[in-house]
Amino acid sequence: MSEQISSVVLGAGLMGRLLAHTLAQLGHQVTVYEAQGSDAQGAAARVAAAMLAPLAESAITELPVVQMGQHALKRWPELIAPLSEPVFFQQNGTLVLWHRQDAAEAKRFEQLMHRTQQQLPSLPAAQTLNVQGLQQHEPALENRFAQALYLPGEGQLDNRQLLAALLKSLEQQNVTLHWHSPRQPEDFQPGQTGQPDWVFDCRGLGARTEWPQLRGVRGEVIRLHAPEVTLQRPTRLIHPRYPIYIAPKEDHVFVIGATEIETEDLSPASVRSTLELLSAAYTVHSGFAEARILEVSTQARPTLTDNLPAIRCLGDRTLQINGLYRHGFLISPAMLDVVVEWVQHQTTTLAKQFQLKFEHV
């Protein structure tokens, strides 16, 4: 009988939890080291809408991210299925709205998506909706908009439910969990006696000492409880400065966000961005006027110079996975599958398929 493979995962954000959970399922003896606590308070994934919208994101990102996002739409149900705790997952498509004064920007947005759909014909094409079509797809809007775009097949999940369910899975699979225990890759010598077989660095911005190209990009998100609002799918509002999204979760909870600021400042959200987000939500549905603000959160996403993710090999058996930027939930299943393929076969065809940077340092 072959000896059990031992793996160390540094960081217990989205990528760290997902990887540790998967390795444990594959029979590895897994140990996780996390600099903060088990509640994921320091993780960018906790402050996210967790939308799975490859075509919508194609207007502001590169084709590899779109390809990885398309992969995620089929992988997330498979990844969620074995978890013992429920995770809200929805695949009702994305709605894109705009006010009359933003019609030119909406046209540009549509053209960018059309270009992507031509490059990736397997992506369902955006559908143009008139008043009647919009009423059928989203009755709660009550003729507030004259037209819209519907992106079929896109989805979302509940980020905090997922993080909690993955933690529960790690505990059930007897993964060794070390909280408030920061570690670095150089603390381990994989392959040597008494050392793990593999080390996986998923620390996000915590890895900057070894990966100086990383930077933080601030995001601000508002969570509301709006019993009077019954939107059935993620909705994006074309805005003069940035597309604003409204993601409906269970029990009339809504996640609203958009802001991207080139800073790692994690101070509370500004009045300006808070007003813009709340005002935009109100113009979509007047029921948001009576919503209750559950929280206003800020976080910095780990981002590389080209805003694309990458994997680096530090030696034969130490991998760094980083740079997921604002696309963590959209691309993490693809990143996971690339890493697992490498661990099992010491080669990866998926990285080439996704045009993912996989470097040996």
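For the structure itself, look to the data block above.
Okay, so let's go over this structure. (Residues numbered from 1 in each chain as written. Predicted model: local features only at pLDDT ≥ 70, side-chain atom pairs only at ≥ 80, totals over all residues. Heavy atoms only, no water.)

## Examining the packing of aromatic side chains
Part 1 of the reasoning: Counted by the stated rule, this structure contains five aromatic pairs.
Part 2 of the reasoning: Judged by centre distance (5.9 Å) and plane angle (10 degrees), the rings of Trp 198 and Phe 200 are stacked.
Part 3 of the reasoning: Sitting above the plane of the Trp 211 ring, Arg 312 keeps its charged end 4.3 Å from the centroid. (Phe/Tyr/Trp six-rings, centres within 6.5 Å; stacked < 30°, edge-to-face > 60°. Lys NZ or Arg CZ within 6 Å of the ring centre and 35° of its normal.)

## With respect to the sheet that holds strand E9 (residues 176-178)
Part 1 of the reasoning: Across the sheet, seven strands lie side by side as E9-E2-E1-E10-E17-E16-E18; this open sheet has mixed pairing. Edge strands, defined here as strands with exactly one partner in the open sheet, are E9 and strand E18 (357-360). Neighbouring strand axes in the sheet, compared pairwise and without regard to direction, differ in orientation by 15 degrees on average.
Part 2 of the reasoning: Relative to strand E17 (residues 318-322), strand E16 (residues 310-313) runs antiparallel, the two being bridged by four bridges. Looking at E17, one finds that Arg 312 is bridged to Gln 320. (Pairing = 2+ DSSP bridges. Helix = DSSP H or I, 4+ residues; strand = E, 2+ residues; numbered from the N terminus. Axes fitted to C-alpha atoms, helices over the stretch in contact; angles between N-to-C directions.)

## Details of the nonpolar core
Part 1 of the reasoning: If you look at the biggest cluster of nonpolar residues, it comprises 58 residues, and the most contacted ones within it are Trp 76, Leu 162, Phe 200, Leu 319, Ile 321 and Phe 329.
Part 2 of the reasoning: In terms of residues, this core owes the most to one element, helix H8 (residues 328-345), which gives 11 residues.
Part 3 of the reasoning: Leave out the neighbours within four places in its chain, and Leu 162 touches Leu 14, Trp 76, Ile 80, Leu 83, Val 87, Leu 157 and Phe 329. (Core = buried A, V, L, I, M, F, W, Y, C linked by side-chain atoms within 4.5 Å. Buried < 20%, exposed > 50% of the residue type's maximum accessible area, 1.4 Å probe, protein only. Contact = heavy atoms within 4.5 Å.)

## Considerations on the pattern of salt bridges
Part 1 of the reasoning: As enumerated under the stated definition, the model contains 16 salt bridges in all.
Part 2 of the reasoning: A salt bridge links Glu 142 to Arg 144, with the nearest nitrogen and oxygen atoms 3.9 Å apart.
Part 3 of the reasoning: Of the residues examined, Arg 144 reaches a relative accessible area of 31% and is grouped as partly exposed.
Part 4 of the reasoning: Measuring nitrogen to oxygen at the nearest pair gives 2.8 Å for the salt bridge that ties Arg 160 to Glu 295. In this pair, Arg 160 sits in helix H6 (residues 159-172) while Glu 295 sits in strand E15 (residues 292-303), placing the two residues 135 residues apart along the sequence.
Part 5 of the reasoning: When its relative accessible area of 18% is taken as the criterion, Arg 160 is described as buried.
Part 6 of the reasoning: A relative accessible area of 25% means that Glu 295 is categorised as partly exposed.
Part 7 of the reasoning: Where salt bridges share partners, they join Glu 57, Arg 236 and Arg 326 into one cluster. (Salt bridge = Lys/Arg side-chain N within 4 Å of Asp/Glu carboxyl O.)

## A short note on the layout of surface pockets
Part 1 of the reasoning: Approximately 230 Å³ is the volume found for the second largest pocket.
Part 2 of the reasoning: Residues that form the lining of the second largest pocket fall into these classes: five nonpolar, two polar and four charged. (1 Å grid on protein atoms, 1.4 Å probe; cavity = no way out; pocket = protein on both sides within 12 Å on 5 of 7 lines; lining within 4 Å. Points joined across faces, edges and corners; volume = space filled by probe spheres on them. Nonpolar A, V, L, I, M, F, W, Y, C, P; charged D, E, K, R; others polar.)

## Quick look at unusual backbone geometry
Part 1 of the reasoning: Even without being glycine, Asn 174 reaches a positive phi, approximately 60 degrees.
Part 2 of the reasoning: In this structure, Asn 174 sits in the loop between H6 and E9.
Part 3 of the reasoning: A residue is classified by how much of its surface remains accessible, and Asn 174, at 67% relative accessible area, is exposed.
Part 4 of the reasoning: Positive phi, close to 55 degrees, is recorded for Gln 346, a residue that is not glycine.
Part 5 of the reasoning: As for its placement among the helices and strands, Gln 346 is situated in the loop between H8 and helix H9 (349-353).

## Structural notes on empty space enclosed by the protein
Part 1 of the reasoning: Under the counting rule described, the total for this entry stands at one cavity of 30 Å³ or more.
Part 2 of the reasoning: Quantified by volume, the largest cavity comes out at close to 30 Å³.
Part 3 of the reasoning: Val 131, Leu 134, Gln 135, Glu 138, Leu 141, Glu 142, Asn 143, Arg 144 and Phe 145 together form the lining of the largest cavity.
Part 4 of the reasoning: Residue classes in the lining of the largest cavity are distributed as four nonpolar, two polar and three charged.

Limitation: the analysis is restricted to geometry and does not speak to function.
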